[in-house]
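Coordinate inspection notes
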Amino acid sequence: MTQIIVVTSGKGGVGKTTTSASLACGLAQRGKKTAVIDFDVGLRNLDLIMGCERRVVYDFVNVINGDCTLKQALIRDKRLDSLYVLAASQTRDKDALTQDGVERVLKELAEDGFDYILCDSPAGIERGAFLAMYFADIAVVVVNPEVSSVRDSDRILGLLAAKTRKAEQGGKVKDSLLLTRYNPARVEVGEMLSIKDVEEILGIPVLGVIPESPDVLNASNKGEPVILEPQTPAAQAYEDAVARLLGEDRPLRFTQVEKKGFFSKLFGG
């Protein structure tokens, strides 16, 4: 049965698209047929991070408007055979997405045998964000460990609880928290909220904790989701998050300040 996952947040710039790309790649690496859709009409960043911007001919709005078929608009990833990208339109208005149109696309993907559909949501509560979350089975709420990001995400949780199809049917979207740009050293000196702080404020379980790292930006600039650079801590943290998404039990990593050994202290390493 197809699972629809929305990757969302209240605040912009917290790493939603990076997360959508890495989770989609991680699921595809495990043999799951996966589509990732950019709902951020007018901006369109997902194809850049996925490294397929030059291959975009048709977009999400073209499919909804009937300008092309879904198969014509889906871009198959060159690295992972079971991964497909549906880009957002850069030139249309945010109101170009319709509820009926989005439902039709999601239904067609499900009929084509996709195991997972990831909806990369715009920040905040505008139309694209509402439509990205409306049909979701699972929500990954991306949060930076700082007060404004956590506060804005609390509002998103309220919408997930009340304004989705599952809520209307008396059910609940399964929500979880993904903390990005986490720096244990800054947490220790009180410059960042701790994992426990964020959990207590938002009241949802942690799916993953992604360490603050230049590797994420470097990978994005190369058009490569960071999860595809397995030697990096960020990739390993995203891989752990994918495993938890699939029901595996994995301990959190990269959440403590590394203690220097005796020789490191002695020689300044």
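Residues numbered from 1 in each chain as written. Predicted model: local features only at pLDDT ≥ 70, side-chain atom pairs only at ≥ 80, totals over all residues. Heavy atoms only, no water.

**Here's the deal with the overall build of the chain**
In plain terms, the rule: The secondary structure listing takes helices from DSSP runs of H or I that are at least 4 residues long and strands from runs of E that are at least 2 residues long, numbered from the N terminus. The reference for a compact globule is 2.2 Å times residues^0.38; the radius of gyration itself is calculated from the C-alpha atoms. Note on classification: 1.4 Å probe, protein chains only; a residue is buried when its accessible area is under 20% of the maximum for its type, exposed when over 50%, partly exposed between these limits. The protein chains shown are the only cover counted for residues, whose accessible areas, like all others here, come from Shrake-Rupley with a 1.4 Å probe. Think of it this way: Lys and Arg go in the positive column, Asp and Glu in the negative one, and His and the chain ends go nowhere. Lysine's charge is taken at NZ, arginine's at CZ, aspartate's at CG and glutamate's at CD.
Tallying secondary structure elements over the chain gives 13 helices and 8 strands in all. The globule rule puts the C-alpha radius of gyration for 269 residues at 18 Å, and the 19 Å found for the chain is close to it. Taken along the three principal axes of its C-alpha coordinates, the chain extends 65 × 40 × 35 Å. A burial count over the chain gives 54% of its 269 residues as buried. Carbon together with sulfur atoms contributes 48% to the accessible area of the chain, which is approximately 12,500 Å² in total. Positive and negative side-chain charges of the chain, numbering 34 and 38 respectively, have mean locations separated by a distance of 2 Å.

**Quick word on the side chain of S176**
To keep it simple, the criterion reads: Here, residues are in contact when the closest pair of their heavy atoms is within 4.5 Å.
As for its placement among the helices and strands, S176 is situated in strand β7 (residues 174-182). Under the relative-accessibility criterion, S176 is labelled buried at 10%. Excluding residues that lie within four positions of it along the chain, S176 makes contacts with A139, V140, V141, I204, P205 and L207.

**Side note on the packing of aromatic side chains**
What counts here: Pairs were defined over the aromatic rings of Phe, Tyr and Trp, the Trp ring being its six-membered one, requiring ring centres within 6.5 Å. Orientation was assigned from the angle between planes: stacked under 30 degrees, edge-to-face over 60, tilted for the rest.
Taken as a whole and judged by the stated rule, the model has 4 aromatic pairs. Look at F39 and F60: their rings are 5.0 Å apart centre to centre, the planes differ by 80°, and that puts the pair in the edge-to-face class. Taken together, the residues F39 in the loop between β2 (34-38) and α2 (46-49) and F60 in helix α3 (residues 60-65) connect sequence positions 21 residues apart. For the pair F39 and F60, one class covers both residues: buried.

**A short note on the environment of L46**
Within the element layout of this structure, L46 appears in helix α2. For the pair L46 and L86, spaced 40 residues apart in sequence, the C-alpha to C-alpha distance is 8.8 Å. With residues near it in sequence (within four places) discarded, L46 still touches T17, A21, V36, I37, D38, V85 and D120.

**Topic: the nonpolar core**
Inclusion rule: We call a set of buried residues a nonpolar core when its members are Ala, Val, Leu, Ile, Met, Phe, Trp, Tyr or Cys and they connect through side-chain atoms within 4.5 Å of each other.
In terms of nonpolar packing, the biggest core is built from 51 residues, with F39, F60, L86, L97, V102, L109 and L160 touching the most fellow members. Those residues in contact with V102 that lie beyond four places of it in its chain are F39, F60, I64, L97, L131 and F135. Listed in part, the 39 residues of the second largest apolar core include M50, V56, Y116 and L245.

**Observations concerning the pairing of strand β5 (residues 116-120)**
Counted only if it meets this: Strand pairing is defined by DSSP finding a minimum of two bridges between the two strands.
Buried residues dominate β5, accounting for 5 of its 5 residues. By the alternation rule, side chains of β5 split into Y116, L118 and D120 and I117 and C119, which are all buried. Alignment of strand β1 (residues 3-8) against β5, held across 5 bridges, turns out to be parallel. Within the sheet, the bridge partner assigned to I5 lies in β5 and is L118. With 5 bridges joining them, β2 and β5 adopt parallel strand pairing. Its bridge partner being in β5, A35 is matched across the sheet by I117.

**Notes on unusual backbone geometry**
Positive phi, close to 55°, is recorded for R181, a residue that is not glycine. Counting through the fold element by element, R181 comes out in strand β7. For F254, which is not a glycine, the phi torsion comes out positive at approximately 60°. As for its placement among the helices and strands, F254 is situated in the loop between α12 (233-245) and α13 (262-267).

**Focus on the pattern of salt bridges**
Quick reminder of the rule: Any Lys or Arg side-chain nitrogen located within 4 Å of an Asp or Glu carboxyl oxygen qualifies as a salt bridge.
Under the counting rule described, the total for this entry stands at 18 salt bridges. The partner of R79 in a salt bridge is E224, with the nearest N and O atoms 3.7 Å apart. In this pair, R79 is assigned in the loop between β3 (75-76) and β4 (83-86) and E224 in the loop between α11 (214-221) and α12, connecting sequence segments 145 residues apart. By relative accessible area, R79 is classed as partly exposed at 34%. Linking R250 and D240 is a salt bridge whose minimum nitrogen-to-oxygen distance equals 2.9 Å. Taken together, the residues R250 in the loop between α12 and α13 and D240 in helix α12 connect sequence positions 10 residues apart.

**Section: the sheet that holds β2**
Stated formally: Note on definitions: angles span 0 to 180 degrees between N-to-C directions of axes, and those axes are lines fitted to C-alpha atoms, for helices only across the stretch in contact.
Ordered in space as β3-β4-β2-β5-β1-β6-β7-β8, the 8 strands form an open sheet in which the pairing is mixed. Edge positions in the open sheet fall to β3 and β8 (206-211), since each of these has one partner strand only. Set on the sheet, helix α5 (residues 99-111) makes contact with β1, β2, β4 and β5; between it and β5 the angle comes to about 150°. Contacting β1, β6 (138-143) and β7, helix α7 (residues 147-162) runs over the sheet at an angle of about 165° to β6.

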